[in-house]
Amino acid sequence: VTGTGGPSAGSGNIGVSVTSGGRLQSQGTGTVAITGTGGDAAAGDRSYGVEISGVGTQVSSVNGAISIAGTGASGAGQTNTHGINFDSSALIQSTGAATITLAGTGGNTAGVNSRGVVLDVAASINSVNGAVSLTGQGTGRGTGRIGVQFAPNASLITTGAAPITIKIGRAH
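Calculation notes
- Residues numbered from 1 in each chain as written.
- Predicted model: local features only at pLDDT ≥ 70, side-chain atom pairs only at ≥ 80, totals over all residues.
- Heavy atoms only, no water.
- Helix = DSSP H or I, 4+ residues; strand = E, 2+ residues; numbered from the N terminus.
- Buried < 20%, exposed > 50% of the residue type's maximum accessible area, 1.4 Å probe, protein only.
- Contact = heavy atoms within 4.5 Å.
- Areas by Shrake-Rupley, 256 points an atom, 1.4 Å probe, with all protein chains shown as cover.
- Pairing = 2+ DSSP bridges.
- Axes fitted to C-alpha atoms, helices over the stretch in contact; angles between N-to-C directions.

A. Focus on the overall build of the protein. Scanning the protein from terminus to terminus reveals zero helices and 18 strands. Referenced to the eigenvectors of the C-alpha coordinate spread, the extents of the protein come out at roughly 45 × 30 × 25 Å. Within the protein, the proportion of its 172 residues that are buried is 51%. Across the protein, every contact between residues at least 6 apart in sequence was considered, and the portion connecting residues at least 24 apart equals 77%. Accessible surface computed for the protein: about 6,900 Å², of which carbon and sulfur atoms make up 52%.

The following block contains the structure:
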């Protein structure tokens, strides 16, 4: 699944949005790949590259890789331009050996809160034996440039032999 948010001014020009109980699943070895870029309106808010949000919303696989890549909007006046925004009790899950890779880059904007990967409000990443990798780059010129952010009640849990790798960066 690949998408780019629209160019209109305002909020929510999201590249790919999986919300409100939406599900992307592989029950075997098939891969799940999501790539999104926030829309580049001159001003706006919450134009994420990829949004995964809401109770019952799930991205999962048994043995095929899960790959999620997002780049936030880059309009000069944009705010909250996270590469990947993952929240509100949504779940990313590997029930076998599927690897989970999240790579997010915040939008290159003068606005605040340009974060690479945000895990917020009870979002959960779970894996049994598949490696988990989070890479986040906070960019832009405003405050709040964070590579990877874990917020209240967010979790990353492995129950088997799965290693966890977290890489963070911040553009200067």
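B. Expanded view of the sheet that holds strand 16 (residues 148-150). Taken in spatial order, the five strands make up an open sheet running 2-6-10-13-16, and their pairing is parallel. Of all the strands in the sheet, the pair left with one neighbour each is strand 2 (16-19) and strand 16. Within the sheet, the average angular offset between the axes of one strand and its neighbour, ignoring direction, is 5 degrees. Across four bridges, the pairing between strand 2 and strand 6 (residues 50-53) is parallel. The residue of strand 6 that forms the bridge with Thr 19 is Ser 53.

C. View of unusual backbone geometry. Positive phi is not limited to glycine here, since Asn 80 has a value of about 55 degrees. Mapping Asn 80 onto the fold places it in the loop between strand 9 (77-79) and strand 10 (84-87). When its relative accessible area of 14% is taken as the criterion, Asn 80 is described as buried.

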